[in-house]
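Overview (structure and organization)
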Amino acid sequence: MENLEDVIAREEAERQQSLKDLEQLYEWLQQFEDPPPAPRPPPPYQFRNGDITQKGYEKKRTRLLTPYIPKHNPNVVEENQKKDSVSGVSPASRATRRGNRRLTRNESRYHSEVRQEAVQQALAQALQNRHKPSMPMPSKRTSVMARSPDRDRHDSESSSDEDSIVIEETVESTPERERVRDRGTPQIFPPPPLSDTSSTGSPPPLHHRPRMPPPNNWEDKRRIEITEISDVLQNFRPYSQPPDVTHNTAVGGRRPAADRVNRYGSSGSDDTVGTGTGRWKVSTKIQQLLNTLKRPKRRPLPEFYEDDDIELEIAANPKDPNAPKPEGSGMSPAVGEQLVVPSGLPRSLEAAITRYGNGTFKAPVATVLDPNGKLSVTLTYGKLLSRSHKIAYALLTKSFSKNGDTSLKCGDRVALVYPNNDPINFLCAFYGCLQAGIVPVPIEVPITRRDAGSLQIGFLLGSCAVQVALTSEACLKGLPKTASGEVIQFKGWPKLNWFVTEHLTKTPKDWSPTPRLTDETPAYIEYSTDRDGSVMGVTITRTAMVQHCRMLTMSCNYTEGENMVCVLDFKREVGLWHSVLTSVLNGMHVIYIPYALMKVNPASWMQMITKHRASVAVVKSRDLHWGLLATKDHKDVNLGSLRMLLVADGANPWSLSSCDQFLSVFQAKGLRADAICPCASSSEVLTVSVRRPGRAGVNATGRGVLSMQGLSYGVVRVDQENSLTSLTLQDCGQVMPGCVIVVVKMEGPSYICKTDEVGEICVNSGSTGTQYWGLQGLSNSTFKVQPLGTDGKPISDAEYTRSGLLGFLGPGGLVFVCGSRDGLMTVTGRKHNVDDIIATVLAVEPMKFIYRGRIAVFSIKVLRDERICVIAEQRPDCSEEESFQWMSRVLQAVDSIHQVGLYCLALVPPNYLPKTPLGGIHLSETKRRFMDGNLHPANVLMCPHTCVTNLPKPREVHSAKECVSDVGPASVIVGNLVQGNRLASAQGREVGGLLDEDGDSSKKQQFIAEILRWRAQGTSDHILFTLLNSKGAVAKVLSCSELHKKAERIGNLLVEKGKINTGDHVALIFPPGLDLICAFYGCLYVGAVPVTIRPPHPQNLQTTLPTVRMIVDVSKSVLVLSIQAVIKLLRSKEASNVVDIKSWPLILDTDDMPKKKLPVPYRAPTAEMMAYLDFSVSTTGMLAGIKMSHAAVTNLCKSMKLACELYPSRHIALCLDPYCGLGFALWCLSSIYSGHHSILIPPSEVEVNPALWLSAVSQYKVRDTFCSYGVMELCTKGLGSSVNQLKSRGINLACVRTCVVVAEERPRMNLTTSFSKLFSALGLSPRAVSTSFGCRVNVAICLQGASSPEPSTVYVDLRALRNDRVSLVERGSPHSLCLMESGKLLPGVKVIIANPESKGQCGDSHLGEIWVQSGHNASGYFTIYGDESEYGDHFNARLVTGNTGEVYARTGYLGFLRRTEMSENSCVTDETVISRESDNESLGSSHHVVPSDSPELHDAVFVVGALDETIMLRGMRYHPIDIENSVLRCHKKIAECAVFTWTNLLVVVVELDGNESEALDLVPLVTNTVLEEHHLIVGVVVVVDPGVVPINSRGEKQRMHLRDGFLADQLDPIYVAYNM
């Protein structure tokens, strides 16, 4: 054990110096009001202590980098390091540092010089031991940073922290820096990049210096990147509105189909135009991040890891074979000395008041100082007696209820609401209640309607059935009121009658308080709060109260007439027991020092001791610390009269240093060493132990230097004095008289601990609480504990009470406390104490960065283990970079000293953390806000990679080289057959052959243009199309003959003006409408190949025009057809800035057409010839054009006609984009083939009028309608509140039989369900809504038909899906994902599921690629290179097993098949008939519905996601949408989210729909959710503005564009967090 003399000797020199410094601090101490002081400039570089260095690494790095960094002088670095290390421990700077601490409540609890030295050493060692890669600083948008007057300078003056990658050129002021500084924006220069992979995105450097080449391995990584991003990173510009884009191809055995569309249109300058991100380079940051993750700490995992809950649990609580085990013998209970009651002591508190109030009625009982330190009010014992009688009388006689009977009886509970500066009224009310036999419940004064924790206090008042609150006049005035002057109803509180206890009438002469109830009735209820903020009322009986006062009287030697100074809260715990109860029992005089006065004059309590010659003072270690700092006032202080300085929080491990320092300074002022008396206590057991004043003898006091490593395993091990990881404890004195103490195990049954084991201290005495009011179960486990011996039997019949304190018994019955149950965090099986962590955090030179007293540490449960979070209040003058460097040092310090990783470190603005009524931090409320995402931190650092050690083992996919007997696709098939798994294949019904009465009609049916001519002759006036405008009025109609004539005229235009040859490609750039249809058939009439292209967006030419230009180029179009408005736009000045006007091919205007008939209509020689080209951009950013032959067109139309029963008499409403895929086929082809009437509604008109589409459907009684997800979303969001309005306008959707969403993705169940639910009020049948599925190789694979059963849904296990397995689970089971089938297979379509790598056929329970065979497959890709052979595999893939002869096209989508029962008991038989419809229709089929008993089975196709989009992480396949859905659920302010990977890091981009100050709330929530639900660690969280995630016209997220934009620094994010 360390002895005092050594400590004093060691600190003597420091003390002399610090005293001088402390003298000058007095003025500074005057500014203790809550607003923080004005920012101080940072000290000059050489005095910044704590910048710890690593010489070896520095030298090596300097040597490597010298060639690239001019003017960088290595000697300078060394010198600075020397200066640093010297100043790191100089007492002067340490004193200044201590002085700069701001004093707030509970602040110096944790102040420890020893700990600071330990931390400095630990950090230094950590840096020597491991090559520390630099940590990437988070990037923050300038507007988000808190502006401070002095922030702008920090760039050139602040030190470069040696442990960050910065290599400051001896800071010359470069023009670049000057320019930025003049703008007055705060600097966020990250370190100059070591590897600059995306040099293209940033402004060119203005001062030329040689660039560091990227390290070699980066070179090849970069090469791969660029071929993938196809040099798109070359020339970017800032990112605005989504481009127009469309479909898919790449990866997984499939080749990219064509080049990547440049998302940020090409522009000559590579300047980032005003993005305002302050030049942070993503690539550098991510490289830094990867460096920090090079060697994450991982324990070896148990073998054969199952991705399972039990396993996660086991990994979170490993059994460490090397963990220290307790070796001592079983302890025996420690028994206190016998309780001897001094002879003259009154037998009860009421007797005491009566005795002193009559005998010595002039003697003072209490004196209160006002906040200026002048004596204000004194209460005498006589007054206390008379006032308490008045209050007792009023309580028992006053009628509080409306009907006039007295509402309070003996034993009822009342609330005592008195502020901290009014102990006198509190004393009177408390004793008034005792006299009346009413049970007081003292609580804090509520400040606002929604105080932190008010709900729980309300719960306590409610469960105690409190109806009356006693308070003082002044307090009642200050409470918040309603307009009518009533006190407001506080959140969660019962209705209270407020009763002022001052100025009451005299009691009648003959009245005296009735004799008391039995001694076992409650005397008062003290509230106690547990770690999650729940408030319990500890019930103290009359016996216990008096017994406890007697114990304190004996152990503290209290005598009548002594003076006591009390700085504590007198309403509960130590303050209540000593200064309100025991003092009155002994007839003492208490001087109360309110908290407000302590803040103004921290030495006031010592001045009072001097003035009143007080013999007892009751304080906290905080008060000792504050007293030390108030050096100006020390000269008049004399503490010679003090025989007992009771330190109420002596059980806190960190009170030791305050006690030592206080003694060493004030011994000279008469303070005796044996006067310092730490005690240990809790609300449940009252006082556990107290060091006796004036003690003597061998074991009177003790201290132990213990190993924190040992304590984390719950074992007491002595450590060396100088060890970094030791914790020095002082004793809290001996067991109380008449008490027995045992220590029992913290978890599980209450076995008695061994002598060297830490456990929970339990007390058996007549003076503990008896129960938590109204909480029987909890009370039994706390107040009725029977300790068990090693044999599992109780050691005695006595019942003990748990104290909530963790500790052990030392020699001679000394009690040592090393933590509390509420502050315990069990991380990976080891226990850490909140207070210890706080102490370490604060030892990292905090005063520069945070306020000492304002720090919260708690743990949250993520992925089956506790994770430690540290939240602190940051000083306003602390820059981004400084706080970040401080945070990274804290991480290292905690890691070195406690061997535990911090999960999250957050800094909030000053005065931001929720406070308790006494100004401390409200921990449970802080935690709640953090978990709810309402804390609004200013800085966040997440380190999941280091502390999450229980992730399931990555899945290993064995390659053929590893296994001798390679399991080939054939054996997989055999395996499936043996297991009885069906091989996955399914097909739609037969189409029926083409009719062959004469060659001509069969020929006619092979060409859509022929069918149009035939219709124009046969049913010339039949209306095919109606176009609606945004008002719902008819803009144009088109009949068969009008369409035919217009098409002929356009054909003429092409031949005459365009000099077109057959087979030439023509770009059609039209808005959605009828002109597009006419132009399409005009091209077919002259044998040209049309290419439909969406026109550029006038407000967004920057991104949309390059896409148009690219499609024109890639499709090799020889001319462009368009209308006047679009041509004007293409030739406008704005457009010429983006694309050179002269570079366009010939542009023809369809508005000026020759009125001639076409001489000879063109007819293609064979139906296999190309009819049109369909271009679309996939979600991965690939532009893919497909060739559609004439045969494919008619097959597609025929298939849809059969499935949807399309006849000329039908009306169909279309609200989707007509440029590619199924949308184009429905808009331009289907009506011509089947003759039905199409009502065309451009989606852009729905943006203007959301009700347009549904009104049209209702008005035309449409049975079948087709829309896009974008339109469905517009309706759901835009009409959510106006359904009743629509109903009143007569809109009825009961006519709708099918409403199909045309999509090329997994069905969006949430959207379709909410749409169905919302509009079911308008008669929409829930089974009507379904989706279709198409892709590039086949634009329509599935489509909900007219008489198909409703779409089926299944629930699959997400964890199995990651391993390419499909395992069905029950609805609502954990990890389940609901999937809906994508419509029914179209007639003539056959699909199988194949393994994309091995090309073997999959069984039903496997996830594989969907392969399709059908008459309307596309004939191939049309690429710019003309080299189609590379992608041939997509269109003629063959299985390697089973039927190897069949040819399929690969869709690039993963999915599975499920055989499901038809929900209708009917099956459909088809017969093809001729000419049955009145419109002499010659092609078609009829359906007869035949009732049948057995439900027919059909194969449902479930699409899970695009193969290109999947993310392979930890050996498993993740679909971005699943991660995104989890993220969207985690916080209500997340509007949209997209994920992608970059070099194995998962990047999550979230759009924040809220204030920029809320951006950082999202970082921990996103990280937690993805970890919990997907077992993935998020590498980077990017918070951006709404609308930044690019979405194409089909409503699909363009994740690759987003990724490109991110890597090129063009998202202008609000915040980027790099999780380390």
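Residues numbered from 1 in each chain as written. Predicted model: local features only at pLDDT ≥ 70, side-chain atom pairs only at ≥ 80, totals over all residues. Heavy atoms only, no water.

What follows is about the overall build of the protein. When helices and strands are counted, the protein shows 48 helices and 61 strands. Of all 1620 residues assigned to the protein, the portion counted as buried reaches 62%. Sequence-distant contacts, at least 24 apart, represent 78% of the contacts inside the protein between residues at least 6 apart. Approximately 59900 Å² of the protein is accessible, and the part contributed by carbon and sulfur atoms is 53%. (Helix = DSSP H or I, 4+ residues; strand = E, 2+ residues; numbered from the N terminus. Buried < 20%, exposed > 50% of the residue type's maximum accessible area, 1.4 Å probe, protein only. Contact = heavy atoms within 4.5 Å. Areas by Shrake-Rupley, 256 points an atom, 1.4 Å probe, with all protein chains shown as cover.)

Let's shift gears to the packing of helix H14 (residues 423-436) against helix H18 (residues 573-585). Relative to each other, H14 and H18 sit at 60 degrees, their axes nearing to 12 Å. By the angle between their axes, H14 is oblique relative to H18. Note that H14 runs across H18; the crossing there is right-handed. Contacts from Phe426, Leu427, Phe430 and Tyr431 in H14 reach Leu576, Val580, Leu581 and Val584 in H18. (Axes fitted to C-alpha atoms, helices over the stretch in contact; angles between N-to-C directions. Parallel < 35°, antiparallel > 145°, perpendicular 65-115°, else oblique. Left-handed = near helix turned anticlockwise from the far one by under 90°.)

Within the secondary structure, Asp422 is located in the loop between strand E5 (413-417) and H14. Despite its burial, Asp422 pairs with no opposite charge; the closest candidate is Arg387, at 7.5 Å N-O. When residues no more than four places from it in sequence are discounted, the contact partners of Asp422 are Ser472 and Phe570. (Lys, Arg positive; Asp, Glu negative; His and termini not counted. Salt bridge = Lys/Arg side-chain N within 4 Å of Asp/Glu carboxyl O.)

Let us look at the sheet that holds strand E24 (residues 815-820). Taking strand neighbours across the sheet as the criterion, the five strands line up as E2-E20-E21-E23-E24 in an open arrangement whose pairing is antiparallel. One side of each edge strand has no neighbouring strand; the edge strands of this open sheet are strand E2 (334-335) and E24. As defined by bridge partners, strand E23 (residues 801-809) adjoins E24 across five bridges and the pair is classed as antiparallel. Looking at the pairing, Leu806 lines up with Gly819 of E24. (Pairing = 2+ DSSP bridges.)

What follows is about helix H34 (residues 1101-1114). Given a rise of 1.5 Å per residue, 14 residues ought to cover 20 Å, and the 19 Å separating the end C-alpha atoms of H34 matches this to within 8%. The element H34 is extensively covered by neighbouring structure, given that twelve of its 14 residues are classed as buried. When H34 is considered as a whole, its buried residues turn out to be Leu1101, Thr1103, Thr1104, Leu1105, Pro1106, Thr1107, Val1108, Arg1109, Met1110, Ile1111, Val1112 and Val1114. Two residues or fewer after H34 comes Lys1116, characterised by a positive phi angle close to 55 degrees. (Expected span 1.5 Å × (residues − 1).)

On to the pattern of salt bridges, then. Tallied over the entire structure, the rule returns 44 salt bridges. Put simply, Arg1297 and Glu1205 hold a salt bridge, and the shortest N to O gap is 3.6 Å. With Arg1297 in the loop between helix H42 (1283-1288) and strand E43 (1298-1301) and Glu1205 in the loop between helix H37 (1190-1204) and strand E40 (1211-1215), this residue pair connects regions lying 92 residues apart in the sequence. Residue classification places Arg1297 among the partly exposed residues on the basis of a relative accessible area of 22%. Owing to a relative accessible area of 12%, Glu1205 belongs among the buried residues under this scheme. For Lys1533, the salt bridge is made with Glu1558, and the minimal N-O distance between the two is 2.7 Å. With Lys1533 in the loop between helix H46 (1520-1530) and strand E58 (1534-1542) and Glu1558 in the loop between strand E59 (1545-1552) and helix H47 (1562-1574), this residue pair connects regions lying 25 residues apart in the sequence. Judged by its relative accessible area of 23%, Lys1533 is partly exposed.

Running from N to C, helix H31 (residues 1008-1018) and helix H38 (residues 1221-1234) point in directions that differ by 50 degrees, and their axes come no closer than 9 Å. Judged by the angle between their axes, H31 and H38 are oblique. The two elements H31 and H38 cross, and the hand of that crossing is left-handed. Where H31 approaches H38, its residues Ile1008, Ile1011, Leu1012 and Arg1015 are matched on the opposing element by Leu1229, Ser1231, Ile1232, Tyr1233 and Ser1234. Tallied by class, residues from the contact of H31 with H38 come to six nonpolar, two polar and one charged. (Nonpolar A, V, L, I, M, F, W, Y, C, P; charged D, E, K, R; others polar.)

Here the structure, examined in full by the defined rule, presents zero disulfides. Cys1335 supplies the cysteine sulfur nearest to Cys1342, a cysteine that is in no disulfide, at a spacing of 9.8 Å. (Disulfide = S-S within 2.5 Å.)

So, on to the packing of aromatic side chains. By the definition in use, this model includes 26 aromatic pairs. Ring centres of Phe1080 and Tyr1172 lie 5.6 Å apart, and the angle between their planes is 75 degrees; this geometry places the pair in the edge-to-face category. Of this pair, Phe1080 sits in helix H33 (residues 1074-1085) while Tyr1172 is found in strand E38 (residues 1170-1177), placing the two residues 92 residues apart along the sequence. Taking relative accessible area as the criterion, Tyr1172 reaches 1% and is therefore assigned buried. Relative to Phe1435, the ring of Tyr1421 lies with its centre 5.0 Å away and its plane at 80 degrees, an arrangement referred to as edge-to-face. (Phe/Tyr/Trp six-rings, centres within 6.5 Å; stacked < 30°, edge-to-face > 60°.)

Moving on to the sheet that holds strand E28 (residues 865-874). If you trace the four strands from one edge of the open sheet to the other, you get E27-E28-E29-E30, paired in mixed fashion. Only two strands of the sheet have a single neighbouring strand rather than two, namely strand E27 (850-862) and strand E30 (939-942). Averaged over all adjacent pairs, the angle separating strand axes in this sheet is 15 degrees, with direction ignored. Where strand E29 (residues 902-908) meets E30, four bridges bridge the pair, whose relative direction is antiparallel.

Right, let's get into unusual backbone geometry. One non-glycine residue with positive phi stands out, namely Arg1514, at about 50 degrees. Counting through the fold element by element, Arg1514 comes out in the loop between strand E56 (1511-1513) and strand E57 (1516-1518). Residue Asp1612 is not a glycine yet carries a positive backbone phi of 45 degrees. By the secondary structure assignment, Asp1612 is in the loop between helix H48 (1599-1607) and strand E61 (1615-1618). Residue classification places Asp1612 among the partly exposed positions, given a relative accessible area of 23%.

Another aspect to go through is the nonpolar core. Leu1043, Leu1054, Tyr1081, Leu1121, Phe1266 and Val1391 are the most contacted members of the largest nonpolar core, which has 118 residues in total. Residue contributions to this core peak at ten residues, all from H33. In this structure Leu1043 touches Leu1012, Leu1024, Phe1025, Leu1038, Ile1077, Cys1078, Tyr1081 and Ile1232, once residues within four positions along its chain are discounted. If you look at the next biggest cluster of nonpolar residues, it comprises 98 residues, including Val365, Tyr418, Phe499 and Val574. (Core = buried A, V, L, I, M, F, W, Y, C linked by side-chain atoms within 4.5 Å.)

Quick look at the pairing of strand E21 (residues 759-764) now. Within E21, five of the six residues are buried, which leaves the element mostly enclosed by the surrounding structure. Note: strand E20 (residues 740-744) against E21, five bridges, orientation antiparallel. Bridged to Val740 within E21 is Asn764.

Most of strand E10 (residues 535-541) sits inside the fold, with seven of its seven residues counted as buried. As defined by bridge partners, strand E9 (residues 522-529) adjoins E10 across seven bridges and the pair is classed as antiparallel. Note on E10: the bridge partner recorded for Tyr524 is Ile540. Taking the residues between adjacent antiparallel strands as the criterion, E9 and E10 are bridged by five residues, where Gly533 takes a positive phi near 90 degrees. As judged from the two bridges shared by E10 and strand E22 (residues 771-772), these two strands associate in the antiparallel manner. Note that in E22 the partner of Val538 across the bridge is Tyr772.

Across the protein, the average pLDDT comes to 80, with 76% of residues at 70 or higher. Across residues 994-1000, confidence stays below pLDDT 50; counting only partners more than four residues off in sequence or on other chains, it has eight contacts. Overall, residues 1463-1495 carries pLDDT values under 50, and its contacts beyond four positions in sequence, including any with other chains, amount to 68 contacts. (pLDDT = per-residue confidence, 0-100.)

Okay, the side chain of Asn1619 next. With respect to the helices and strands, the residue Asn1619 is situated in the segment after E61. A polar side-chain atom of Asn1619 sits 3.1 Å from a polar atom in the side chain of Thr1567. (Polar contact = N/O pair within 3.5 Å; in protein donor to acceptor, adjacent residues only side chain to side chain.)

On to the environment of Thr1166. Note on placement: Thr1166 falls in the loop between strand E37 (1146-1149) and E38. For Thr1166, a relative accessible area of 36% corresponds to the partly exposed category. Along the backbone, Thr1166 and Gln1006 are 160 residues apart, and their C-alpha atoms lie at a distance of 8.8 Å.

In this structure, Ile761 sits in strand E21. We classify Ile761 as buried; its relative accessible area is 0%. Spatially, the C-alpha atom of Ile761 lies 6.6 Å from that of Val744, the residues being 17 residues apart in sequence. Not counting residues up to four positions away in its chain, the partners in contact with Ile761 are Val688, Ile741, Val742, Val743, Thr801, Arg802, Ser803, Leu805, Gly807, Val815, Phe816 and Val817.

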